[in-house]
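A look at the structure
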Amino acid sequence: MYAKVFRVLSSSLMKLSIELYFIMHEFGTGVVIDAPQLRFLSIRDDLSESFIIKNMHSTVKLDISLAFGLGKYNEEDVLSKRSMIHDFLPGISVVKEMIISWDTFMVIYQYAKFEPLPQFGYLSCMNVTLRVSVLNWLPTFLESCPHLKIINVALANDIKYSEEMNQIRFSSVPECLLSSLEFVEFSNTFSGDLAEMKLVKYFLENSAILKKLTLRLCYGRRKDEIFKELLRIPRRSSTCQIIIL
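The numbers attached to residues start from 1 for each chain and follow its sequence in the written order. pLDDT decides what is reported in this predicted model: residues at 70 or higher carry local features, side-chain atom pairs at 80 or more are listed and counted, and totals for whole chains, interfaces and linings draw on all residues regardless. No hydrogens and no water enter the side-chain calculation; it runs on all heavy atoms of the structure.

1. Structural notes on the sheet that holds strand S5 (residues 50-54)
Pairing between strands requires that DSSP locate at least two bridges from one strand to the other. Each helix is a run of H or I in the DSSP string that is no shorter than four residues. Each strand is a run of E no shorter than two, and both are numbered from the N terminus. If you trace the three strands from one edge of the open sheet to the other, you get S1-S3-S5, paired in parallel fashion. Edge positions in the open sheet fall to strand S1 (5-9) and S5, since each of these has one partner strand only. The mean angle between the axes of side-by-side strands here comes to 5°, regardless of whether they run parallel or antiparallel. For every element, the axis is a line fit to its C-alpha atoms; helices are fit only across the contacting stretch, and the angle between N-to-C directions ranges from 0 to 180 degrees.

Following this line, the structure appears as structure tokens:
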């Protein structure tokens with residue numbers, strides 16, 4: 001197998017976008033980034049089995065879709081990449097803003113079954129796309145983000161109407177919901193499905209200082225019903241507003 005390692009070493013680079021796809025190269029590619037002045041990093045990488053980031057600055061905005069060369073995200077396949085994921089996560093744990101795709105979140109979810117996640121202690125703003133099958137794990141991930149202030153959530157459309165919606169149970173309340181989370185936004189068009197309602201209810205009932213929860217409501221016969229259901233949800237924060245777009 002032919003392997004190639006791409007290295008980005010710079011003391012002045014401030015913006016970097018990486019795109020590596022299966023159709024472009026053979027398997028086995030690796031990436032190493034050492035650019036302490038970076039302020040924006042975009043990763044679109046289906047190919048690289050190894051990805052290491054060194055000396056990341058805490059003000060970086062990270063937009064990441066990284067699959068570690070995996071075509072599937074089951075426990076066994078992710079376990080085979082355990083050491084590579086272990087080497088990668090500390091490098092991004094210092095970022096301030098992060099956009100994280102569903103595939104990367106799936107990898108982190110499976111990895112966390114074997115090893116604890118690092119603390120994302122600087123993370124204040126996160127945009128995350130989730131599959132319904134891992135919604136139960138969202139509070140566990142948020143425990144690694146103790147100072148999160150803003151979260152933008154999208155549910156992956158491919159399984160949005162899955163039977164897994166009935167299995168959603170949130171069993172914990174992470175520290176950020178009690179002390180720092182102020183803004184929650186749903187970037188999908190909100191249709192009032194069970195998974196969406198459970199997630200809205202979770203944030204409203206448990207976020208102690210939440211100021212605003214924003215929904216993009218779709219037009220339809222259920223609009224009035226959705227309004228009524230939203231109004232029935234108790235809010236832990238007395239100052240929280242529900243904004244309908």
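2. What to know about the side chain of Ser-93
Note that Ser-93 resides in the loop between helix H2 (82-92) and strand S7 (97-100). What makes Ser-93 buried here is its relative accessible area of 10%. Exposure classes here rest on a 1.4 Å probe applied to the protein chains alone. A residue is buried below 20% of its type maximum, exposed above 50%, and partly exposed in between.

3. Structural notes on the packing of H2 against helix H3 (residues 102-111)
Two elements in contact, H2 and H3, have axes whose closest approach is 11 Å; the angle formed by their N-to-C orientations is 110°. Classified by the angle between their axes, H2 and H3 sit roughly perpendicular to one another. The segment H2 lies against H3, with Arg-82, Ile-85, His-86 and Leu-89 engaging Val-107, Ile-108 and Tyr-111. Each residue gets one label: Ala, Val, Leu, Ile, Met, Phe, Trp, Tyr, Cys and Pro are nonpolar, Asp, Glu, Lys and Arg are charged, and the others, such as Gly, are polar. The residue inventory of the contact of H2 with H3, partitioned by class, reads five nonpolar, one polar and one charged. An angle below 35 degrees is treated as roughly parallel, one above 145 as roughly antiparallel, one from 65 to 115 as roughly perpendicular, and anything else as oblique. Between two residues, a contact is recorded if the distance between any of their heavy atoms is within 4.5 Å.

4. What to know about the side chain of Ser-191
Secondary-structure assignment places Ser-191 in the loop between strand S10 (183-190) and helix H6 (194-206). Between N or O atoms, a polar contact is any pair within 3.5 Å; within protein, one atom must be a potential hydrogen donor and the other a potential acceptor, and residues adjacent in sequence are included only when both atoms are from side chains. Reaching out from Ser-191, the side chain makes a polar contact with the side chain of Asp-193 at a distance of 3.1 Å.

5. Digging into the pairing of strand S9 (residues 150-155)
Counted residue by residue, S9 has five buried out of six residues, so it is predominantly covered. Summarising the sheet, strand S8 (residues 125-130) and S9 pair through six bridges and their orientation is parallel. Along S9, the bridge assignment pairs Asn-127 with Asn-152. Alignment of S9 against S10, held across four bridges, turns out to be parallel. In the strand pairing of S10, Ile-150 is matched with Phe-183.

6. Considerations on the packing of aromatic side chains
Two rings from Phe, Tyr or Trp (for Trp, the six-membered ring) form a pair when their centres are within 6.5 Å of each other. A pair whose planes differ by under 30 degrees is stacked, one over 60 is edge-to-face, and the rest are tilted. Following the criterion strictly, the structure yields eleven aromatic pairs and no others. Seen from their ring centres, Phe-51 and Phe-88 are 5.8 Å apart, and the 85° between their planes marks the pair as edge-to-face. Note that Phe-51 is positioned in strand S5 and Phe-88 in helix H2, a separation of 37 residues in sequence. Each member of the pair, Phe-51 together with Phe-88, is buried. Aromatic side chains Trp-137 and Phe-141 sit 5.7 Å apart centroid to centroid with 45° between the ring planes, which places their arrangement in the tilted category. What links up through ring pairs into an aromatic cluster is the set Phe-105, Tyr-109, Phe-120, Trp-137 and Phe-141. Only Lys NZ and Arg CZ are tested; either one counts as a charge over a ring when it is within 6 Å of the ring centre and within 35 degrees of the ring normal. Arg-131 extends its terminal NZ or CZ atom over the ring of Trp-102, reaching a point 3.9 Å from the ring centre.

Function cannot be read off these values alone, since they describe shape.
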